[in-house]
Amino acid sequence: MNSGGEEPTIKPNVFNITQLLNSNGEKPGIACIFLSKFDMKKGNIIIWSKSINGAAIDLSNIEFKSLPAGIHAQTDDVVNFVVPKELDVCQTAKTTTYDYGIAYFKQNSFDIIENDNRIDRSKVQMFSLGVIIDVQNVSSDSKKHFYKEIYHAYAANRYSSYLESLLGQWIRQRDLDKFDIFEKFFDENNQGHMAENSVEVFEHSPKERRHLVEYLPYWTRKLGPLIFPLWKASLLQSRILILVPQGESFELCNSLAYCVFLISMLPKNLIGNHVSDEYIKPIFTVSTSDIPFLESFKKGNGYVATTSEEILLYKPEIYDIVVKLTSSSTIEESPEKEVEILTASGEQNKATPLDLEVYEKLILGELQEDASTNATCRHHEVTEPISWLQFLIDGFFLLTTAGYLVAPYHLAKNFKIPRHVSGPEPNNSEIQIAENLVRYFHRRTSNLYNDLKDVIQKSENIDSEQPITIAASFLTKLNLDCFSKQDHQFVKDIALKWFQRSIDISNLPECLGNLC
């Protein structure tokens, strides 16, 4: 906590989706606007850009960020990205080393095929109109309620619907060498102008696109129990790459990056200044041109990013895990492959049996879904098999109690998901589900932190160089799987990260009395 009894700068109240969705009206000033194009002869190029005076924004490779590989499979799309700051700027900004950007992409090749039954390459137009926000100059009253970073990561998205409208209007004017419409928009909405006018009024404002957090229920359904190992990896601040499948929307995949970032957060009123980095960094779309930037992230100071360039997976030194997604167009039709989470060494990271149990007994209820036979099979495919020891104990309880009682490790305090309605549209169940899921993960994180903190404080008389030994059964209190080596390692890693203390976990046979 801050000295002098002052409240933290950010007051992290219980997550409230109303305030997050309403922040769409709080548009920050633009630092830079640009237009990129795919040229049939030259490839990706920037054809126009404009920045505020004195802005230290490096547009190198911005044409590849705004026109990532594979985006040509979409008629239109939205691409999130970050722009690393120059070194001298980074040195004065300890927590902000990049600015957030967004681009709206549109092309006409599918229209040409529909009309002519073939592609006349001379008629193909692929453009991407983007803006960059300098988050150091972003201010928001909403930051009183959440981490300001939640708003920074979404700041550029507040312009996505305007970029869509602008680009469409520019293409329709047919004079593609005239950029007056972009000039006017930038002059009215750049940081200097917005500073002089506290609120910029937009006439005929286009309909807002879905907020990225609204995709959380979709991803929770698609990932199944794998949402839990992904959450654990985010708490450890692993370097997470999300591989965009062929033909998939970048906007959709970047929403997963945002959701992982959101559920990774530690409440500042819980930890004070004890933990320096409370969340994983969302850097969205990356490519091979970003390799030097990715190399700047070390283990334990991670990021979550998306890429369509599988060649990045051949550089294991820049990431810890990769999430291999399946296309949304096949997910409903028994896809050949499930979503996979792989380590940099190629090992598959599966959910634990307890993760599966919690997902099917708790999360599916929140998602208002029943576990179908196909879904159950898919969930088991991405889950570790139970250990022989657990199998024997479960069998013992089944035989001796006729199924009336279960072993205590099945009764982990997987608290009920809150069902408080706070959204602007109470009838929109998906928005409410998104809020409830975020609250659930935040509450699990808080409980994990507090329970580990209590154990470590009770062991203060132990030499800090010596590991603290806990029983495997204690993982049940942490809502983790006491049989899973994966969860054993997670507890060791998170205790070292949060409290700089080593933990040993006793072997299960020593604590069967606690379990049975």
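What this report covers is the structure whose coordinates are included nearby.

About the criteria used
- Residues numbered from 1 in each chain as written.
- Predicted model: local features only at pLDDT ≥ 70, side-chain atom pairs only at ≥ 80, totals over all residues.
- Heavy atoms only, no water.
- Phe/Tyr/Trp six-rings, centres within 6.5 Å; stacked < 30°, edge-to-face > 60°.
- Helix = DSSP H or I, 4+ residues; strand = E, 2+ residues; numbered from the N terminus.
- Buried < 20%, exposed > 50% of the residue type's maximum accessible area, 1.4 Å probe, protein only.
- Lys NZ or Arg CZ within 6 Å of the ring centre and 35° of its normal.
- Polar contact = N/O pair within 3.5 Å; in protein donor to acceptor, adjacent residues only side chain to side chain.
- Contact = heavy atoms within 4.5 Å.
- Pairing = 2+ DSSP bridges.
- Axes fitted to C-alpha atoms, helices over the stretch in contact; angles between N-to-C directions.
- Core = buried A, V, L, I, M, F, W, Y, C linked by side-chain atoms within 4.5 Å.

Before going further, it helps to examine the packing of aromatic side chains. Applying the stated rule across the entire model yields 27 aromatic pairs. Ring geometry for Trp170 against Phe182: centres 5.5 Å apart, planes inclined by 40 degrees, an arrangement best described as tilted. Residue Trp170 is found in helix H6 (residues 160-172), and its partner Phe182 is found in helix H7 (residues 180-189); the two are separated by 12 residues along the sequence. Comparing Trp170 with Phe182, the two get one shared label, buried. Aromatic rings pair up to connect Tyr98, Tyr100, Phe284, Phe293, Phe297 and Tyr303 into one cluster. A cation over a ring is seen here: Arg210 above Tyr215, with NZ or CZ 4.1 Å from the ring centre.

Looking now at the side chain of Asn80. If you trace the backbone, Asn80 turns up in strand E3 (residues 76-84). Looking at Asn80, its side chain comes within polar contact range of the side chain of Asn157, at 2.5 Å. Beyond its immediate stretch of four places on either side in the chain, Asn80 contacts Gly101, Ile102, Asn157, Leu212, Asn254, Phe284 and Thr285.

Read across the open sheet, the 5 strands follow the order E7-E8-E6-E9-E10; overall the sheet is mixed. For this open sheet the edge positions go to strand E7 (281-285) and strand E10 (340-343), each flanked by a neighbour on one side alone. Recorded for the sheet is a direction-independent mean angle of 20 degrees between the axes of neighbouring strands.

To continue, consider the sheet that holds strand E5 (residues 126-133). Sheet architecture is open: 5 strands sit in the order E2-E1-E5-E4-E3, paired in antiparallel fashion. Sheet topology places strand E2 (43-51) and E3 at the edges, where each strand pairs with a single neighbour. Averaged over all pairs of adjacent strands, the angle between their axes in this sheet comes to 20 degrees, without regard to strand direction. Alignment of E3 against strand E4 (residues 98-107), held across 9 bridges, turns out to be antiparallel. Bridging across to E4, Val79 finds its partner in Ala103. Lying on the sheet, H7 is in contact with strand E1 (32-39), E2 and E5; it crosses E2 at an angle near 45 degrees.

Residues Ile240, Tyr258 and Ile283 are the most contacted members of the largest nonpolar core, which totals 111 residues. Core analysis: the second largest hydrophobic core is formed by 35 residues, Trp48, Ile102, Leu129 and Val131 among them.

The topology assignment puts Ser296 in the loop between helix H13 (291-295) and strand E8 (303-307). Overall, Ser296 belongs to the partly exposed group, its relative accessible area being 45%. For the pair Ser296 and Ile318, spaced 22 residues apart in the sequence, the C-alpha separation amounts to 8.6 Å.

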